Amino acid sequence: MSRQQAIVVGGGVHGASVFYHLLSLGLERVLLVERKSLACAATGRSTGIIRHHYSHEVTVRVARYSSRVFSRFPETMGRDIGYVNNGLVFLATREEEGALRRCVEQQRRLGVDASLVDPAGLKTLHPDLVADDVSLASFERDAGYADPYSVTVGYAKAGEALGGKILLNAAVQDIRRKGDGFLVATASGEHEADAVVLAAGAWARTLGARMGVDIPVTSLRLSNAVLELPGGYARTTPTVLDLPNHLYFRPEGGHILVGDGEGLGDADPE
Ligand SMILES: Cc1cc2nc3c(=O)[nH]c(=O)nc-3n(C[C@H](O)[C@H](O)[C@H](O)COP(=O)(O)OP(=O)(O)OC[C@H]3O[C@@H](n4cnc5c(N)ncnc54)[C@H](O)[C@@H]3O)c2cc1C
């Protein structure tokens, strides 16, 4: 294979997005290398919630940009990603009211359609919610959810259509400097490139260390489960972030997808 302009390591949503965007910016020889299959790690297990409730301004700006990308994905990328604009409520206890108010103020300043909601308003938004201990909540009209696997495959296929190549089942074993570029050794052969993009998620630290680069990524183990309700659960019911109880949930195909909002630190990515 001829020398690549860029090799992207990791076929999760970030790697696939970088792969596509480098090609759409005009690069002609880009190779995506994935040790197993596309979206096989965090991406394939993600709850896919798209929200803007973050405390850092930069994250809110990035989320706002991404939210528009996801809502227009079928028109711009030609693929249905199961995007649903269901809105999101964020529950706070009395001690967290100040932080919630600041977060909503920041979102509004940055153009997000977010507002504070009292317990009566919460009942209107989500009649089934038992939230007696909640004194204040917020509602984000622009929040939604989508299927992370479809987003990843959408970017990967669009990148291939622009001439990019994808190598699956090819774990990168080593990345070394060679001349003014890099030599990337995989289980199925070696490849040269002008630049390497490391998008290996929880494995980035190990791979970075082999290149002499310290990437301060730590892993967190998160769990989720799909629960069936006898009466079903409408797909447009707002997502609920109940962080005081370390829980969040959203509709999933007529059922409820419940996630653990806390996780276990220092987990082994395997
Ligand atoms: C349970 C859960 C729920 C989540 N919910 C949400 C949510 O609701 N909203 C949200 O925005 N985010 C959510 N996230 C976070 C989100 O999933 C991640 O931020 C995102 O998927 C990370 O994508 P990535 O491409 O960086 O990493 P990954 O998807 O982990 O991709 C990294 C890829 O690198 C590959 N790789 C590793 N080592 C090598 C190697 N040596 N050679 C080649 N390839 C290699 C791996 O196989 C993997 O495919 C959730 C995550 C989890 C686990």
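Residues numbered from 1 in each chain as written. Predicted model: local features only at pLDDT ≥ 70, side-chain atom pairs only at ≥ 80, totals over all residues. Heavy atoms only, no water.

(A) Representation of helix 7 (residues 148-161) in the model. Taking 1.5 Å of rise per residue, 14 residues should cover 20 Å, and helix 7 covers 20 Å from first to last C-alpha, within 8% of that figure. Among the residues of helix 7, those classed as buried are Pro 148, Ser 150, Val 151, Thr 152, Val 153, Gly 154, Tyr 155, Ala 156, Ala 158 and Gly 159. The elements touched by buried residues of helix 7 are helix 1 (13-24), helix 2 (42-45), helix 3 (57-71), helix 4 (73-77) and strand 8 (165-167). The N-cap residue of helix 7 is Asp 147: its side-chain oxygen and the backbone nitrogen of Tyr 149 are 3.2 Å apart. After helix 7 finishes, the residue Gly 163 shows a positive phi value of roughly 105°. (Helix = DSSP H or I, 4+ residues; strand = E, 2+ residues; numbered from the N terminus. Expected span 1.5 Å × (residues − 1). Buried < 20%, exposed > 50% of the residue type's maximum accessible area, 1.4 Å probe, protein only. Contact = heavy atoms within 4.5 Å. Polar contact = N/O pair within 3.5 Å; in protein donor to acceptor, adjacent residues only side chain to side chain.)

(B) View of the domain arrangement of the protein. We note that the domain assignment places domain 1 (4-45 + 149-210) and domain 2 (84-143 + 219-265) within the protein. Spacing between the C-alpha centres of domain 1 and domain 2 amounts to 34 Å. (Domains from an automatic or database assignment.)

(C) Inspection of the environment of Val 89 at higher detail. As for its position among the elements, Val 89 is in strand 4 (residues 88-92). When residues no more than four places from it in sequence are discounted, the contact partners of Val 89 are Leu 122, Leu 125, Ser 138, Phe 139, Thr 239, Val 240 and Leu 241.

(D) Structural detail: the pairing of strand 9 (residues 172-178). The sheet contact formed by strand 9 and strand 10 (residues 181-186) spans six bridges and is antiparallel. Looking across to strand 10, one finds that Lys 178 is bridged to Gly 181. Here strand 9 folds back onto strand 10 in antiparallel fashion, the turn holding two residues, of which Gly 179 has a positive phi close to 60°. (Pairing = 2+ DSSP bridges.)

(E) Structural context of the site of the ligand. Taken together, 28 residues form the shell around the ligand, and within it His 14, Glu 34, Arg 35, Thr 43 and Val 172 come nearest. Residue Val 13 places a main-chain N or O atom 3.3 Å away from an oxygen atom belonging to the ligand. One nitrogen or oxygen atom from the side chain of Glu 34 is found 2.7 Å from an oxygen atom belonging to the ligand. Notes on the ligand: free accessible area 1,000 Å², of which the protein chains cover 81%. At the level of secondary structure, the elements contributing two or more residues to the shell around the ligand comprise helix 1 and helix 2. (Near = heavy atom within 4 Å. Areas by Shrake-Rupley, 256 points an atom, 1.4 Å probe, with all protein chains shown as cover.)

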